[in-house]
Amino acid sequence: MDSVAAPRRVVVSVRDIVKRFQRAGGSVTNAVDNVGFDLLAGEFLVLLGPSGCGKTTLLRTIAGLERPDGGTIEIDGRLCDSSENGVHVPTERRRLGMIFQSYALWPHMTVFDNVAYPLRSQRKHNKRDIADRVERVLTMVGIPELTKQYPGQMSGGQQQRVALARALVAGSDLVLFDEPLSNVDARVREQLRFELATMQRDLGFAAVYVTHDQSEAMGLAHRIAVMESGKIVQIGSPREIYDEAASRYVANFVGTSNEIRGRVQSVEPDGTASVTTVIGTFVGTLSKPDIAAGDEVILVWRPEDGEPSIEEPASSNRFRAVVEAALFLGSHTEYSIRVGESRFRLWRASRRQLSTDAEIWVTVDAASMRILRP
Amino acid sequence: MQRSKGTPLTRVAFPRRMVPLPASGRLGTFVIGRRRVSPFTAVGVALGVLAAFLAVYPIARVIVGLFVTDGRLSVAPLRDAYSIPDFWQLIGNTVAVVVASSALALVMGSVLAWLNERTDARLGIVTDSLPMIPFLLPPIAGAVGWVLLLSPRAGLMNGVIRAALDKVGVSLNEGPFNIFTWYGLIFVYLLYQVPYVFLMVSAGLRASDPSLDEQSRVCGASSWRTLWRVTFPATRQSLGAAVLLMMWQGFSLFSVPVIIGTGARIDVLSVRIVNLLSFSFPPRTGAAVGLSFVVVLFVGVTWLLQLRLLRSGRHATIGGKGQRAVRLELGRWKWPARALVLGYGAVAVVLPIVALVVVALNGYWTTNINWGRLSFTAFRESVFGDRLTLTSIKNSVSISVLGATIGMAVAAMVSLVVMRRRGRLVQAMDGAIKLPSVFPHLVIAVGFILAFAGAPFKLGGTTVILLLAYISIYLPQGSVAADSAVAQVGRELSEASHVSGAGGGRTFARVFLPLIVPGVVAGWAFLFAHMAGDLTASAVLAGTTNMVVGFRILQVFDNGSYAQLASLALVLTAITVVVVTLALVLAQRRGRWRQRTTR
Ligand SMILES: Nc1ncnc2c1ncn2[C@@H]1O[C@H](COP(=O)(O)OP(=O)(O)OP(=O)(O)O)[C@@H](O)[C@H]1O
Ligand SMILES: [Mg+2]
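Each value, and the rule that gives it
- Residues numbered from 1 in each chain as written.
- Chains lettered and ligands numbered in written order.
- Predicted model: local features only at pLDDT ≥ 70, side-chain atom pairs only at ≥ 80, totals over all residues.
- Heavy atoms only, no water.
- Helix = DSSP H or I, 4+ residues; strand = E, 2+ residues; numbered from the N terminus.
- Expected span 1.5 Å × (residues − 1).
- Bend = angle between axes of the 7 residues up to and from the residue.
- Core = buried A, V, L, I, M, F, W, Y, C linked by side-chain atoms within 4.5 Å.
- Buried < 20%, exposed > 50% of the residue type's maximum accessible area, 1.4 Å probe, protein only.
- Contact = heavy atoms within 4.5 Å.
- Near = heavy atom within 4 Å.
- Polar contact = N/O pair within 3.5 Å; in protein donor to acceptor, adjacent residues only side chain to side chain.
- Areas by Shrake-Rupley, 256 points an atom, 1.4 Å probe, with all protein chains shown as cover.
- Nonpolar A, V, L, I, M, F, W, Y, C, P; charged D, E, K, R; others polar.
- Phe/Tyr/Trp six-rings, centres within 6.5 Å; stacked < 30°, edge-to-face > 60°.
- Lys NZ or Arg CZ within 6 Å of the ring centre and 35° of its normal.
- Pairing = 2+ DSSP bridges.
- Axes fitted to C-alpha atoms, helices over the stretch in contact; angles between N-to-C directions.

### Examining helix 22 (residues 504-532) of chain B
Structural remark: α-helix, 3.6 residues per turn; residues separated by three or four positions point the same way.
Part 1: Here helix 22 of chain B spans only 34 Å end to end across 29 residues, well under the 42 Å set by a 1.5 Å rise per residue.
Part 2: Its axis deflected by about 55° at Val517 of chain B, helix 22 of chain B carries its strongest bend there, up to four residues before the proline Pro518 of chain B.

### Topic: the nonpolar core
Part 1: With 210 residues, the main nonpolar core has Phe37, Leu174 and Leu176 of chain A together with Ile259, Ile260 and Leu291 of chain B as its most contacted residues.
Part 2: Per-element accounting of this core gives the leading share, 15 residues, to helix 22 of chain B.
Part 3: Setting aside its immediate chain neighbours within four residues, Leu291 of chain B contacts Ala81, Ile84, Phe87, Leu90, Leu269, Arg272, Ile273 and Leu276 of chain B.
Part 4: Formed by 50 residues, the second largest nonpolar core is a distinct cluster that contains Val134, Leu164, Phe205 and Ala221 of chain A.

### Remarks on the site of ligand 1
All names here are of chain A.
Part 1: Ligand 1 sits among 14 residues. The nearest are Ser51, Gly52, Lys55, Thr56 and Thr57.
Part 2: Interatomic distance of 2.7 Å between a backbone N/O atom of Gly52 and an oxygen atom of ligand 1.
Part 3: Contact with the protein chains covers 66% of the free accessible surface of ligand 1, which is 640 Å².
Part 4: Of all the elements in the fold, those that place two or more residues in the shell around ligand 1 are strand 1 (10-22) and helix 1 (55-63).
Part 5: Here the shell around ligand 1 gets 3 residues from one element, more than from any other, and that element is helix 1.
Part 6: Split into classes, the residues belonging to the shell around ligand 1 amount to 4 nonpolar, 7 polar and 3 charged.

### Quick word on the packing of aromatic side chains
Residues and elements named next belong to chain A.
Part 1: Enumeration according to the criterion identifies 17 aromatic pairs over all chains in this entry.
Part 2: Between Trp301 and Phe344, the aromatic rings sit 5.5 Å apart at their centres with planes inclined by 55°, giving tilted as the arrangement. With Trp301 in strand 15 (residues 296-301) and Phe344 in strand 19 (residues 342-348), this residue pair connects regions lying 43 residues apart in the sequence.
Part 3: Under the relative-accessibility criterion, Phe344 is labelled buried at 3%.
Part 4: Each member of the aromatic cluster is reached from another via a ring pair, and the members are Phe282, Trp301, Phe319 and Phe344.
Part 5: Residue placement shows Arg166 over the ring face of Trp106; its charged tip is 4.3 Å from the ring centre.
Part 6: Here the guanidinium or amino end of Arg302 rests over the ring plane of Tyr242, the centre of that ring lying 4.0 Å away.

### Focus on the sheet that holds strand 1 of chain A
Residues and elements named next belong to chain A.
Part 1: The strand order 2-1-4-5-6 describes an open sheet built from 5 strands, whose pairing is antiparallel. At either margin of the open sheet sits one strand with a lone partner, and together these are strand 2 (28-40) and strand 6 (87-88).
Part 2: When strand 4 (residues 70-75) meets strand 5 (residues 78-82), the two strands line up antiparallel, connected through 4 bridges. Across the sheet, residue Thr72 finds its bridge partner in strand 5, namely Ser82.
Part 3: Packed on one face of the sheet, helix 1 meets strand 1, strand 2, strand 4 and strand 5 and runs near 60° to strand 2.

Structure representation (structure tokens):
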């Protein structure tokens, strides 16, 4: 996470937001269930979670497109939603930018008219001013030549850029993104992701970005909020989320992980514990302080944190395994290894291949071995 | 850095008086129920409620009128209707004509639709425009045209046939055909029923999965077997809808039976109801209401049957879009098939128009047309030289323009409101507006007499009552057109506008309106054509004080010349075609971004 210097302004403050929907059958779901966070000026927050966990609903609630059933939302210090007091500021008065998953470009307007729309809605800019600003923002997003085109005549990537220009043109402090990159192909997606990150750091707007793609989240976020069925289960920097996953759900959703079941033998005062498993005893880092000796736990470690060696290593956190298969993936090789009944994955960047059927030792650092509740 | 499950960092309490006032529209807010509503929505709801009243009240009056006479409960209207001497004869005639023509139309329309959708016999625009026929050539014009063609003595076509027969030594004084017969009547009904079947079945074929057909053929079934065992059964919901449409149209169709049935001395319900109301003195409203009930009964029964069909037809597969069926190659049957399509076009459109033109230009109706002497003089005299006719055209055009405009504006606003909020009130309002679509036009017209002609509204004999009745009768179709136009505009497009800082009004003007214009204009053209060509409601509600084309046509039919009748029918057709074409071209041009976007 970029170092957060001194106190920064809070742009959005979300408190205890609840949003319920009535299903067609009549049952009620909590699409957003008691969510709260603060978003600082210039901060890039990614909402990450599987399909249907309520990301879009939360984003739409912040935008004012849905009215929450409970909680409060403040934007720029102004109370925008408070179900208790019946406050609901309509979307058009919230002064924010938003990019929809479908881009929602108006097909009957040219690129220029689409992008000029937020400025014209403000009714405080003259013609020249509007033309200048639109041109500037279109140049910034890299499509200065497309002003007279209609959205239907453009590629998905270009439409994406127009939507971005429209969200940025009014200079809002807050821009909301709903899976904006899910409709373009992989190569364009990477390019756009990079540009978007640069632009956000340059312009300094605060962003809430919805995605279910964890690599996108990692690449863009200052902070990631992982959601599960309407709740935020963990919020923190990408590194924290990846290295210090607070639960199995987060560990599995963000990145790939190996799991070993076991029982805690003893807990040390420095936050580590030793755990007995079917493949030996390991020392790992506790994810929660309340885990005690005798608890059933799961040891979780990342495939890249396993260190293979042919000779028996000196360290204690190790086990012996057989290489079952090797899968060359370009940047690294993925090995499938087996210990008794358990199978793990191992990633190595090294060009030197471990041969299949080889017997190896694998060492995992105590710091990389997370002890989680099952 | 780790915050568990979004626990608030600080709790802030807002004292009530510090809470900023909620505001959702620049002009302030309205409260409907417990919800705050923007002015735009408020206007939409208000208009919708008004339209709903216009739709429901007259119908309610008919139903009440059935059982309450002079403030007392009685079944007098039903008794009055039943005591009409030829009551059963009337019902028998009507059922016979409608059922016979519908059955034939079902076969013909399905075949035409199938040829157009699934075989290589389709003829592009010619076949595609088939369903537009009753829309552009009003039934009254078609009926008059066929009288001019096939009347036993003076019928132009009969004349031509007799001349041809004369050459081979057979001489006839009249005939060989006579339009004023059962088969003549059924024939003209048929012409106007076919497009409904064509429309519904085409839609059904387009929506149903062509791979079902292909599967059947893979299984070794012949083309015919496939057609009868798979293709048509898969569209049976569409067939059901077509039958309902035909019953609904057929039972209240007035223009065709008034022209042909009268000459053939075949009385049907619709003509009798109008006669009881408009051409009896004093008007026998009770009996007319009673007969209307019979019409509703028939349509209702069809509707119930249709519901059952829908329920049992759940299994019909609607496949994904964009599946293109391989068109069946008809081989040597291709041109006979095309001849069938073209033949229908000739019989339904070309021949009657030719007859109308010839008679109108000739000045009088005879089989000995002097082709060199055709001129516009007679035409001009009978249209522009006739004060009543001119007035009727002026009234019709202005009422229709006004009615179609008001109708589509209301329909569009209501559709928008319905799309945005799905409250009970809004849903009820939407349902009420669409209610008249299940009642025959004639019944609604009768309802308007009961509801608005007398005190306290006293609108009888005014153009206002006509305007209101037209709106009520045709709004359901306008509303359906608006619904589909609005549904095409995704929710996110308007939300993006709100996010961009635009309120309800601006969003409507800048985003919704331009996007729905093509659909709304098409709906407008539809309403205009039906209002201008309306005969049913006009026959009941119009008179010498509020003359419209439909009523003038009836007057001329009663005591004018056939040339005058032909001229008037032609003028009506011309106005409809010109206005509708203009409107559609305009819509096309406004929606030009659509064409550019097709790659
Ligand atoms: N208008 C609605 N009416 C009823 N239920 C809704 C509505 N909108 C969302 N839901 C429900 O709320 C839940 C959360 O939906 P949401 O669209 O926020 O998910 P999401 O996390 O954005 O998923 P995805 O990644 O697939 O877009 C889902 O269970 C969904 O079915
Ligand atoms: Mg979503």
